[in-house]
Amino acid sequence: FVAITIILACIDSFYFGRPVFTPFRNALFNASPSRLEQFGLHYRCTHVLFNLPFLFGPHVLYAACRALTLNKHTKVHVLTACIITALVALSIAPHQEPRFLLPSAVFIFGLAGSWWRRQKLWIIILTCLFNISI
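Residues numbered from 1 in each chain as written. Predicted model: local features only at pLDDT ≥ 70, side-chain atom pairs only at ≥ 80, totals over all residues. Heavy atoms only, no water.

### Quick look at the packing of aromatic side chains
Then comes step 1: Under the counting rule described, the total for this entry stands at three aromatic pairs.
Then comes step 2: With a centroid separation of 5.0 Å and an interplanar angle of 85 degrees, the aromatic rings of Tyr-15 and Phe-16 are classed as edge-to-face.
Then comes step 3: Since its relative accessible area comes to 46%, Phe-16 is described here as partly exposed.
Then comes step 4: When the centroid spacing of 5.6 Å and the interplanar angle of 55 degrees are considered together, the rings of Phe-29 and Phe-39 count as tilted. Placement of Phe-29 in helix H2 (residues 22-30) and of Phe-39 in helix H3 (residues 33-39) is noted, with a sequence separation of 10 residues between them.
Then comes step 5: When its relative accessible area of 24% is taken as the criterion, Phe-29 is described as partly exposed. (Phe/Tyr/Trp six-rings, centres within 6.5 Å; stacked < 30°, edge-to-face > 60°. Buried < 20%, exposed > 50% of the residue type's maximum accessible area, 1.4 Å probe, protein only. Helix = DSSP H or I, 4+ residues; strand = E, 2+ residues; numbered from the N terminus.)

### As for the pattern of salt bridges
Then comes step 1: Scanning the entire structure with this criterion turns up one salt bridge.
Then comes step 2: Across the pair Glu-97 and Arg-99 runs a salt bridge, and its minimum N-O distance is 2.5 Å.
Then comes step 3: The exposure class assigned to Glu-97 is partly exposed, which follows from its relative accessible area of 21%. (Salt bridge = Lys/Arg side-chain N within 4 Å of Asp/Glu carboxyl O.)

### Some remarks on the environment of Ala-67
Then comes step 1: Positionally, Ala-67 belongs in helix H5 (residues 58-68).
Then comes step 2: The exposure class assigned to Ala-67 is partly exposed, which follows from its relative accessible area of 27%.
Then comes step 3: Sequence separation of Ala-67 and Phe-56 is 11 residues, and the distance between their C-alpha atoms is 16 Å.
Then comes step 4: Every residue in contact with Ala-67, bar those within four places of it in the chain, is listed here: Val-76, Thr-80 and Leu-111. (Contact = heavy atoms within 4.5 Å.)

### Notes on a nonpolar patch on the surface
Then comes step 1: Side chains of Ile-4, Ile-7, Leu-8 and Ile-11 sit close together on the surface and give an oily, nonpolar patch of about 400 Å² of accessible area.
Then comes step 2: Turning to its location among the elements, Ile-4 is positioned in helix H1 (residues 2-16). (Patch = residues over 30% accessible without salt bridge, like charges linked within 9 Å, V, L, I, M, F, W, Y side chains within 5 Å. Areas by Shrake-Rupley, 256 points an atom, 1.4 Å probe, with all protein chains shown as cover.)

### A few points about the environment of Ser-104
Then comes step 1: With respect to the helices, strands and loops of the structure, Ser-104 is situated in the loop between helix H6 (74-91) and helix H7 (105-116).
Then comes step 2: Given a relative accessible area of 6%, Ser-104 falls into the buried group.
Then comes step 3: Every residue in contact with Ser-104, bar those within four places of it in the chain, is listed here: Phe-56 and Ala-86.

### What to know about the packing of H5 against helix H8 (residues 121-133)
Then comes step 1: Contact geometry for H5 and H8: axes closest at 9 Å, N-to-C directions at 140 degrees. The angle between H5 and H8 places the two elements in the oblique class. In this structure, H5 contributes Pro-58, His-59 and Tyr-62 to the contact, and H8 contributes Ile-123, Leu-126, Thr-127 and Phe-130.
Then comes step 2: Along the lines of polarity and charge, the residues of the contact of H5 with H8 split into five nonpolar, two polar and no charged. (Axes fitted to C-alpha atoms, helices over the stretch in contact; angles between N-to-C directions. Parallel < 35°, antiparallel > 145°, perpendicular 65-115°, else oblique. Nonpolar A, V, L, I, M, F, W, Y, C, P; charged D, E, K, R; others polar.)

### Quick word on the nonpolar core
Then comes step 1: Counting 14 residues, the largest nonpolar core has Leu-52, Phe-56, Ala-63, Ile-83, Leu-87, Ile-108 and Leu-111 as its most contacted members.
Then comes step 2: Of all the elements in the fold, those that place two or more residues in this core are helix H4 (46-56), H5, H6 and H7.
Then comes step 3: If we skip the residues at most four places from it in the chain, Phe-56 touches Leu-101, Ser-104, Ala-105, Ile-108, Phe-109 and Phe-130. (Core = buried A, V, L, I, M, F, W, Y, C linked by side-chain atoms within 4.5 Å.)

### Here we look at the packing of H4 against H5
Then comes step 1: Between H4 and H5, whose axes approach to 6 Å, the crossing angle comes to 105 degrees. By the angle between their axes, H4 is roughly perpendicular relative to H5. Residues Leu-52, Pro-53 and Phe-56 of H4 pack against Pro-58, His-59 and Val-60 of H5.
Then comes step 2: Here the residues of the contact of H4 with H5 sort into five nonpolar, one polar and no charged.

Note that all results are geometric; they support no functional claim without further evidence.
Written out as structure tokens, the structure reads:
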């Protein structure tokens, strides 16, 4: 993790022509309420209540169903932990945009996929209707 972080910091620094450490810049940006007001402040639960359903629709429900079933598979626990960790970390900042959740799509679809395959036709129709409506 540390090696990748150093490599990415070097790439960013080379690209911008000056030393850049993106996580530090992100923390500085989110520490200034006056700066965040320019882009809009949101409730801490915005990602969970609005952004997740908007981006992933019924897949959020499928992932939740899969995560809540009593399961001994380590994969389910790891994917669930990744989703929850990302949500908690991203919900700390008062400025929340749906695009911030896009990296968690891999985990949500990975968790929902195995549950989705075993379902009835109406679940598939619901998913298709949601995707068409967007």
